[in-house]
Amino acid sequence: MMPDKKQVYIVDDDESVCRALKALLVTYDFVVETFTSAEKFFSAVPYSALGCLIMDVHMSGMDGWEAHKRIVASGSKRPVILISGDKNSGFKERALKAGAVGFLQKPFNGKMLIDLINQVF
Amino acid sequence: MKTIKKKSPKLKQKPLISKKSGISLKLSGQKKKSLPKNSIRNQKRRQLKRRASDQDKTRNHLGEVIRQQADELKFKNGQIRSWEDKDRLAEEQVHIRTKAMDSTADGIFIIDAQKPNFPVIYTNQSFQKMTGYTKREILGRDYFDLYGTDADPRIVREIKHTMLQGKSFHGEMLSFQKNGKKYWDLLRIAPVRDPSGTVTHYVGIQADVTLIRERDLEIKEQREELLHVTRVGKLAEFVSSLAHEISQPLTAILSYAQAAQRILAGREPQLQEILQYIINDDQRASEVIRRLRSLLKKSKPTLESFDINVLINETAMLMATDVTVRNKVLKTELDTNLPAIRGDRIQLQQVLLNLISNSLDAMEGRDDSRELVISTSRKGPNMILVEVKDSGCGIPAENMKKLFSHFFTSKPDGLGMGLSISRSIVEEHGGRLEAKNNPDRGATFYFTISVDKKDVS
Ligand SMILES: Nc1ncnc2c1ncn2[C@@H]1O[C@H](COP(=O)(O)OP(=O)(O)OP(=O)(O)O)[C@@H](O)[C@H]1O
Ligand SMILES: [Mg+2]
């Protein structure tokens, strides 16, 4: 792994979304790992590991809100971007209040996501 | 002797009847008339007495005769009075009948059947009030004129036809008063026959049922509005879930296309152009969903403090027709000692409505299971429990978990939205909605709802 490449984790229970986002991010030279549940992410990636997390809010099992709460509670400084397919005007505010660095409504333009990652990380 | 004895109670009754005005005057008049008859009787008695004193020898015997004759006289006198009573009673009866017919709220009329054009020969006061015509205007007039010129000619023809066949008519029609004001007329007309069977008269009774009709209409409108709101609510929920489902592949497509564009950077201009079209159309689809969503945006709940029992009764009333048509019975067992709750009436009514209609569906086509019970009770200091219990098909174990998810339905025409929307409403109100099968049969759906803090007792 080249040291100048940024690490990005994607957690979304829709496999196709994971694969597509990864395909896009890779073209921007990110190192991308995907997980289809928050549980899988936690068991594979320690809090201390560097990297930006892009996570869906609406997931079966542990949802994005709860997973994010956990990360914050652990004291980890990991930047988290929450994404959601549910249209709820309150979500963005809620995400930012909880300490997420950004919130994007699906489907979003790839450029917006890249800009956001580069801004915070 | 018996006849005389029998009379006395009747005489005692007299004052009771005569207390009523109008009748008493007549009675006192009759009493005066009977005075001369009393004096004849006295004369006869006096004569008899004289004869008795003449014939000392047979005094005892005569005494007996006198007594007998006196009794006879008394009897005849009684008989005369009883005839008078009969006359008086008959007169009284006619009077009472007229009074009764005039004091009833139903309109009563009699038509002469042996003259052409159905002339009215009797009407009571209520009929005059109902039609708006005076007695003079009505008597002799063709009965069918009194419906007003705007009455439905088909119904008028049907009534006429029924009457001419010597049958009874019973029905409801829109009639018009003299001043044009319309009213709903519940009408019965029956033929009256003489001993030979010829129809001599028609007698009719009619009631003004406008208020009942309007109330029915009002209930119907409320019900339709409620069903409309429910459908819109379900549709909104449906679109929102659909939007969520569709936004996933749209996100993927967009990202794939953008990734491909970057990979091709500067090469294959034709492919680049196609990828741009894919991206544009993806965004167009997203826009359609976005607009659809804002169109069906859920209105914010308006919270107010109210009695859940009242809402349940109202909802039960609105569903009454449905329940009856489906041959079911809706019962309520409401704890009357509950504090007010705080919530959005319309949304909570949606929940009740969804649960009731699900229960009715579950009992569909089962004649042995008809009962649906809605009950309320206190659950702890801050909660009220509402249960909707049916005796329907129940829930198979494998469906228990899926009941509340979007799109889950076992019905051919179901959306599978009713329960998921209901659960989200109840949870927004700080309560929980659950389901369980009953020990005997059928299912119970129950939810909690928090009481208004100001009303906690
Ligand atoms: N009282 C009940 N008894 C048995 N099964 C029930 C009952 N209520 C709901 N169900 C089951 O749960 C399913 C989902 O109910 P829900 O109200 O969400 O959707 P639906 O009634 O099928 O369609 P709709 O969106 O028109 O209400 C039903 O199709 C039925 O299988
Ligand atoms: Mg339903």
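That block above? That's the structure.
Residues numbered from 1 in each chain as written. Chains lettered and ligands numbered in written order. Predicted model: local features only at pLDDT ≥ 70, side-chain atom pairs only at ≥ 80, totals over all residues. Heavy atoms only, no water.

A. Structural view of the overall build of chain A. Counting its secondary structure elements, chain A contains 5 helices and 5 strands. For chain A, the sequential pattern of α-helices and β-strands runs β-α-β-α-β-α-β-α-β-α. The burial tally for chain A puts 49% of its 121 residues in the buried class. The long-range share in chain A, meaning contacts at least 24 apart out of those at least 6 apart in sequence, stands at 61%. When the accessible surface of chain A is totalled, it reaches about 5900 Å², and 53% of it is carbon and sulfur. (Helix = DSSP H or I, 4+ residues; strand = E, 2+ residues; numbered from the N terminus. Buried < 20%, exposed > 50% of the residue type's maximum accessible area, 1.4 Å probe, protein only. Contact = heavy atoms within 4.5 Å. Areas by Shrake-Rupley, 256 points an atom, 1.4 Å probe, with all protein chains shown as cover.)

B. Summary view of the site of ligand 1. All names here are of chain B. Taken together, 20 residues are adjacent to ligand 1, and Asp390, Thr409, Ser410, Lys411 and Leu419 come closest. Between ligand 1 and Ser410 there is a distance of 2.4 Å, counted from an oxygen atom to a side-chain nitrogen or oxygen. Backbone polar atom of Gly416 to an oxygen atom of ligand 1: 3.0 Å apart, as the coordinates give it. Contact with the protein chains covers 92% of the free accessible surface of ligand 1, which is 600 Å². It is helix α11 (residues 345-363) that provides the largest number of residues to the shell around ligand 1, a total of 3 residues. Residues that form the shell around ligand 1 fall into these classes: 9 nonpolar, 8 polar and 3 charged. (Near = heavy atom within 4 Å. Polar contact = N/O pair within 3.5 Å; in protein donor to acceptor, adjacent residues only side chain to side chain. Nonpolar A, V, L, I, M, F, W, Y, C, P; charged D, E, K, R; others polar.)

C. Structural detail: the interface of chain B and chain A. Taken together, the contacts link 17 residues of chain B with 24 residues of chain A. Summing both partners gives a buried area of about 1700 Å² for chain B against chain A, and 57% of it is carried by carbon and sulfur. It is Gln248(B), Tyr256(B) and Arg262(B) in chain B that bury the most area against chain A; as a group they hold 32% of the surface buried on that side. Joining chain B to chain A, the criterion identifies 0 salt bridges. For the side of chain B that touches chain A, the secondary structure elements donating two or more residues are α8 (210-263) and α9 (269-295) of chain B. (Buried area = accessible area lost by both parts, 1.4 Å probe. Salt bridge = Lys/Arg side-chain N within 4 Å of Asp/Glu carboxyl O.)

D. Highlighting the sheet that holds strand β5 (residues 102-105) of chain A. Residue and element names in this part refer to chain A. Read across the open sheet, the 5 strands follow the order β2-β1-β3-β4-β5; overall the sheet is parallel. Strands at the two margins of the open sheet, each flanked by one partner only, are β2 (31-35) and β5. Geometrically, the sheet is characterised by an average inter-axis angle of 20 degrees between neighbouring strands, direction not taken into account. On top of the sheet, helix α4 (residues 90-97) reaches β4 (80-84) and β5; it is set at about 160 degrees to β5, its chief contact. Packing of helix α5 (residues 110-120) onto the sheet brings it into contact with β1 (7-11), β3 (52-56), β4 and β5, and relative to β5 it is tilted by some 175 degrees. (Pairing = 2+ DSSP bridges. Axes fitted to C-alpha atoms, helices over the stretch in contact; angles between N-to-C directions.)

Bear in mind that shape data such as this cannot, by itself, settle questions of function.
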